[in-house]
Amino acid sequence: KAVNLKGTVRLAEGSDLVEYAADATWQAPNGFNLGLHYANYDRGDGWGGRDIGPGGDPDGFVFKAGYTLNF
């Protein structure tokens, strides 16, 4: 229940290239969260993270860790 998996496959506009992305995120009951993300294209800021590298470069692998405190 705490693990979320997401995959995206799309055909690049104006080309025959297939673009794909995968995300695996885990939310622990204590507020700690981890995310492993991959894309062979530039998702910009549209994936729940910030744009990395110069615009237009593939994102590649991204690892995120965080902590959420609610009171």
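The following refers to the structure shown. These numbers come from a predicted model, not from an experiment.

Rules used throughout
Residue positions are given per chain, counted from 1 along the sequence in the order it is written. Reporting in this predicted model follows two pLDDT cut-offs: at least 70 for local features of residues, and 80 or more for side-chain atom pairs to be given and counted; totals over whole chains, interfaces and linings ignore these cut-offs and use all residues. Hydrogen atoms and water are omitted, and side-chain values are computed over all heavy atoms in the structure. Two strands pair under a simple rule: DSSP has to find at least two bridges between them. Helical segments are the DSSP runs of H or I of at least four residues, strand segments are the runs of E of at least two, and each set is numbered from the N terminus. Every angle, taken between N-to-C directions, lies between 0 and 180 degrees, and every axis is a line fitted to C-alpha atoms, over only the stretch in contact when it is a helix. One side-chain nitrogen of Lys or Arg within 4 Å of one carboxyl oxygen of Asp or Glu is enough to make a salt bridge. Buried means the residue's accessible area, taken with a 1.4 Å probe over protein chains only, is under 20% of the maximum for its type, while exposed means over 50%, and partly exposed covers the values in between.

With respect to the sheet that holds strand β1 (residues 3–11)
Read from one edge of the open sheet, four strands run β1-β2-β3-β4, paired in antiparallel fashion. Each having just a single partner strand, β1 and β4 (60–67) make up the two edges of the open sheet. This sheet shows a mean twist of 10° between the axes of neighbouring strands, independent of strand direction.

Considering the pattern of salt bridges
Applying the stated criterion across every chain, the model contains three salt bridges. Asp23 is paired through a salt bridge with Arg43; the nearest N and O atoms lie 3.1 Å apart. Residue Asp23 is located in strand β2 (residues 18–27), and its partner Arg43 is located in the loop between β3 (32–39) and β4; the two are separated by 20 residues in the primary sequence. Grouping residues by exposure puts Asp23 and Arg43 together as buried.

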